[in-house]
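Spelled out, the chains give:
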Amino acid sequence: IYQSDAQSRVNLFGAGEGCAHEMASFEKSADVKLQKILQGFSINAMNMRDAENGTIMWEKNSWPVNWREEEVEAHIPKGILQCKSVSREMNFSSLEAIQDFRLEQRIYLGDTCIEEWNFEFGFVIPGSTNSWQTTVEAAAEADMMDPEQISGMLHIETSFLDGGNLINKSVVRIFYV
């Protein structure tokens, strides 16, 4: 779909290599420390910009309170797929320290995992609000899938982790408008 600055090349809705995982349901850690991190963790806002000129293509300034348990819908302009690179910024707060905060994202088309991304943030200071921006590059135009055909069928499963320990897993369904 896209690639992060520090990640290997991935295709934007192309015929990527896929990933070896099946779609999982919402999950939370049973570990008391990780549950405490989750209780004090919130996503405040998120946006996506054309990385070449900074134009905001999509933003959500109030993240749903139920994002931990229910699927979230994102209605994103299909014009974002014309950008050569896109930056995503997530603003989040944490009451607890997170030693090695990272995300694993799996992109599903229907029930098939078509791509997998890994992002590393590092140490999160307790009681802090942070902005995390990543930039990804589009695949070749010939490798792109039609946004009208995949709208509503594409979902991103995100595992929030402290090192290798799962804090929470959530799902965002993508609709192109």
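Residues numbered from 1 in each chain as written. Predicted model: local features only at pLDDT ≥ 70, side-chain atom pairs only at ≥ 80, totals over all residues. Heavy atoms only, no water.

Undergrad: I'd like a description of the pairing of strand β2 (residues 41-50), backed by residues and values.
TA: Counting buried residues in β2 gives 7 out of 10 residues, a clear majority hidden from the surface. Alignment of β2 against strand β5 (residues 85-94), held across 9 bridges, turns out to be antiparallel. Across the sheet, residue M46 finds its bridge partner in β5, namely M90. The sheet contact formed by β2 and strand β3 (residues 56-60) spans 4 bridges and is antiparallel. Bridging from a neighbouring strand, M48 pairs with W58 of β3. Between β2 and β3, which pair antiparallel and follow one another directly, the connecting turn spans 5 residues, one of which, G54, has a positive phi of 80 degrees. (Buried < 20%, exposed > 50% of the residue type's maximum accessible area, 1.4 Å probe, protein only. Helix = DSSP H or I, 4+ residues; strand = E, 2+ residues; numbered from the N terminus. Pairing = 2+ DSSP bridges.)

Undergrad: Please set out the sheet that holds β2 residue by residue, giving values where relevant.
TA: Across the sheet, 4 strands lie side by side as β3-β2-β5-β8; this open sheet has antiparallel pairing. Each end of this open sheet is capped by a strand with a single partner; those strands are β3 and β8 (128-137). Each neighbouring strand pair of the sheet contributes to a mean axis angle of 15 degrees, computed without reference to strand direction. (Axes fitted to C-alpha atoms, helices over the stretch in contact; angles between N-to-C directions.)

Undergrad: For helix α1 (residues 32-39), give the residues involved together with the corresponding values.
TA: Among all positions of α1, only L34, I37 and L38 are buried. Projection of α1 onto a plane perpendicular to its axis shows the buried side chains occupying an angular sector of 100 degrees, all on one side. Across from the buried face of α1, at angles greater than 90 degrees, the exposed residues are V32, K33 and Q39. (Arc of directions from axis to C-beta.)

Undergrad: Quick one: what's the story with the packing of aromatic side chains, residue by residue and with numbers?
TA: The full count for this structure, using the stated rule, is 12 aromatic pairs. Ring geometry for F41 against F101: centres 5.5 Å apart, planes inclined by 55 degrees, an arrangement best described as tilted. With F41 in strand β2 and F101 in strand β6 (residues 98-109), this pair connects stretches of sequence that are 60 residues apart. F101 sits in the buried class, given a relative accessible area of 0%. Every member of this aromatic cluster is reached through a ring pair, and the members are F41, W67, F92, F101, F121, W132 and F160. In this arrangement the basic side chain of R88 is found over the ring face of F119, its NZ or CZ atom lying 4.9 Å from the centre. (Phe/Tyr/Trp six-rings, centres within 6.5 Å; stacked < 30°, edge-to-face > 60°. Lys NZ or Arg CZ within 6 Å of the ring centre and 35° of its normal.)

Undergrad: Summarise the environment of E73; cite the residues concerned and give the values.
TA: Mapping E73 onto the fold places it in strand β4 (residues 72-76). For the pair E73 and G152, spaced 79 residues apart in sequence, the C-alpha separation works out to 8.8 Å. Ignoring anything within four residues of it in the chain, the contact list for E73 reads K60, R173 and F175. Polar contacts involving the side chain of E73 include one to the side chain of H75, which spans 3.1 Å. (Contact = heavy atoms within 4.5 Å. Polar contact = N/O pair within 3.5 Å; in protein donor to acceptor, adjacent residues only side chain to side chain.)

Undergrad: Go over the confidence of the model for the protein chain with me, naming the residues and quoting the values.
TA: Chain-level statistics for the protein chain give a pLDDT mean of 85 and a share of 83% at 70 or above. The secondary-structure element of the protein chain with the lowest mean pLDDT is strand β1 (residues 27-28), recorded at 58, while β3 shows the highest, at 96. Segment residues 1-16: pLDDT under 50, and 65 contacts once partners within four positions in sequence are set aside and those in other chains are kept. (pLDDT = per-residue confidence, 0-100.)

Undergrad: Let's hear about the layout of surface pockets: which residues, and what values?
TA: In this model, the second largest pocket occupies a volume close to 220 Å³. Around the second largest pocket, the lining residues are K78, L81, Q82, C83, K84, A138, A139, A140, E141, M144, M145 and P147. A per-class count over the lining of the second largest pocket returns 8 nonpolar, 1 polar and 3 charged. (1 Å grid on protein atoms, 1.4 Å probe; cavity = no way out; pocket = protein on both sides within 12 Å on 5 of 7 lines; lining within 4 Å. Points joined across faces, edges and corners; volume = space filled by probe spheres on them. Nonpolar A, V, L, I, M, F, W, Y, C, P; charged D, E, K, R; others polar.)

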